[in-house]
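# Descriptive structure summary
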Amino acid sequence: MTSKKILAALAGEAHEVPPVWLMRQAGRYLPEYKATRAKAGDFLSLCYTPDLAAEVTLQPIRRYGFDGAILFADILLVPQALGADLWFVTGEGPRLSTIDGQADFDALKPAGAVHDTLSPVYETLRILTGELPPETTLIGFAGAPWTVATYMIAGRGTPDQAPAHALRTGNPALFDALMDRITEATILYLSAQIEAGAEVVKLFDSWAGSLPADAFETYAVAPVRRIIAALKERYPDIPVIAFPREAGRAYAGYARATGADCVALDNSVNADWAAREVQCDGCVQGNLDPKLMITGGQDLVDETRRIVRAFSGGPHIFNLGHGITPEADPENVHRMLEAIRG
Ligand code: CP3
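All figures in this text were calculated on a predicted structure; none of them were measured in a lab. (Residues numbered from 1 in each chain as written. Predicted model: local features only at pLDDT ≥ 70, side-chain atom pairs only at ≥ 80, totals over all residues. Heavy atoms only, no water.)

## Concerning the packing of aromatic side chains
Each pair of aromatic rings is reported with the distance of its centres and the angle of its planes. The tally for this structure, following the rule as stated, stands at 10 aromatic pairs. Three or more aromatic residues joined by ring pairs make a cluster, and in this case those are Tyr33, Phe43, Phe72 and Phe88. Above the face of the phenylalanine 243 ring, lysine 202 is positioned so that its terminal group lies 4.9 Å from the ring centre. Over the ring of tryptophan 207 we find arginine 245; its NZ or CZ atom is 5.1 Å from the centre of that ring. (Phe/Tyr/Trp six-rings, centres within 6.5 Å; stacked < 30°, edge-to-face > 60°. Lys NZ or Arg CZ within 6 Å of the ring centre and 35° of its normal.)

Spelled out as structure tokens, the structure:
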């Protein structure tokens, strides 16, 4: 038995009042986050300064009492640890050196080198294990290989991931080598996060939905299955949440195919359909439209209650369908919690 509701849900327990946390819960909608980020100077310094990264991880727990605390870091730290240049342009997003051909791949570091760069992240987790309330679950994470590859190839976020699709179909040998390198690095990174205190890990496959059906198994399912199998071999009890965003009908069967204990649903998925077709295989998480955290009102309350009801027959962790945005009203988070917890 565990007093941690998120771990209980991941083990298959249904709750009348589901546990809750939010993607991007530490972020620019919170004034205390902006203050700590200003102290750090820039986003990457915040990620690599364990005291400050632990502080921003704890801020939403103090303010809202969420059941889960997600490590403060970014999925793009892995490319950086593999030797890519990484910087963030204010108001625009991430920029990285690109992978255009074999020479760019050959310049990357071996997977085993990632700890040299990422060890401050492990220190953040060690600090958090001593500071979180006993009922709060500590969640580690990484990007899934396909999503990480899309950023490494294009050097930025793209609306359609065209550069990654072009490499995938135009030079599959190089693309597969890159996917392998990211997969190996991710196994090492998540293993070290677990050693440092992460009680659950989550894989973010934000661009899974852009893969055509015939490539979804190869690039969204197989690498995630390989990571989960490697983690479970070393840490049989560690639960894994996976988020194949915008997978559509491919959400059905995804948990069975990958071995994930919980599937995170985006907000385009119909909750009643997901209760039948996804929750039948285990825990589900997510689905509330993040825009409701800006607009609030009765719609927020109604939608929150509708999702709680739709998933009330099985294990469920309440969350948004994507990250909370900088424009969100912090008061709306209280309204959502009130609608869940009463
Ligand atoms: O959820 C959390 O609170 C934990 C920390 C976290 C961040 N990014 C912090 C962050 C997590 C889990 C992520 C995941 C992440 N990062 C994803 C996958 C989830 C998703 O959103 O689809 C992706 C694709 C990234 C890459 C990334 N990082 C982008 C595209 C951007 C720029 C867009 C933006 O929101 O500014 C970031 C920056 C980023 N990562 C911020 C935060 C709090 C904002 C940086 C700032 O403070 O200026």
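## Details of the site of the ligand
Around the ligand sit 23 residues in total, of which Arg28, Tyr33, Arg37, Asp74 and Ser206 are the nearest. Separating a nitrogen atom of the ligand from a side-chain N or O atom of aspartate 74 is a distance of 2.7 Å. Here serine 206 contributes a side-chain N or O atom positioned 2.5 Å from an oxygen atom of the ligand. Those elements that place two or more of their residues in the shell around the ligand are α2 (31–40) and β3 (93–96). (Near = heavy atom within 4 Å. Polar contact = N/O pair within 3.5 Å; in protein donor to acceptor, adjacent residues only side chain to side chain. Helix = DSSP H or I, 4+ residues; strand = E, 2+ residues; numbered from the N terminus.)

## Side note on unusual backbone geometry
If you check the backbone angles, glutamate 246 has positive phi at about 60 degrees while not being a glycine. Examined against the element boundaries, glutamate 246 turns out to sit in the loop between β6 (240–244) and α12 (254–258).

## Re the sheet that holds strand β1 (residues 68–70)
The 7 strands are arranged β1-β4-β5-β6-β7-β8-β9 in an open sheet whose pairing can be described as parallel. The sheet is open, and its two edges are formed by β1 and β9 (316–317), each paired on a single side. Across 3 bridges, the pairing between β1 and strand β4 (residues 137–143) is parallel. Across the sheet, alanine 69 pairs through a bridge with leucine 138, a residue of β4. With respect to the sheet, helix α10 (residues 172–195) is in contact with β4 and β5 (200–205), its orientation differing from that of β4 by roughly 170 degrees. (Pairing = 2+ DSSP bridges. Contact = heavy atoms within 4.5 Å. Axes fitted to C-alpha atoms, helices over the stretch in contact; angles between N-to-C directions.)

## Considerations on the side chain of threonine 124
Position of threonine 124 among the secondary structure elements: in helix α7 (residues 114–131). Residues contacting threonine 124, with those up to four places away along its chain left out, are Pro50, Ala53, Ala54 and Leu71.

## Quick notes on the environment of histidine 334
Structurally, the position occupied by histidine 334 is in helix α16 (residues 330–341). Histidine 334 gets classed as partly exposed once you look at its relative accessible area, which sits at 33%. Residues histidine 334 and glycine 259 lie 75 residues apart in sequence; the distance between their C-alpha atoms is 34 Å. (Buried < 20%, exposed > 50% of the residue type's maximum accessible area, 1.4 Å probe, protein only.)

## Some points on α16
Look at α16: 17 Å from first C-alpha to last across 12 residues, which is about the 16 Å you get at 1.5 Å a residue. Looking at the buried side of α16, the elements it contacts are α4 (50–64), α14 (292–295) and α15 (297–310). For α16, the capping residue at the N-terminal end is aspartate 329, with a side-chain oxygen 2.9 Å from the backbone nitrogen of glutamate 331. Immediately beyond the C-terminal end of α16, within one or two residues, lies glycine 342, with a positive phi of roughly 75 degrees. (Expected span 1.5 Å × (residues − 1).)

Interpretation in functional terms is not warranted from these geometric data alone.
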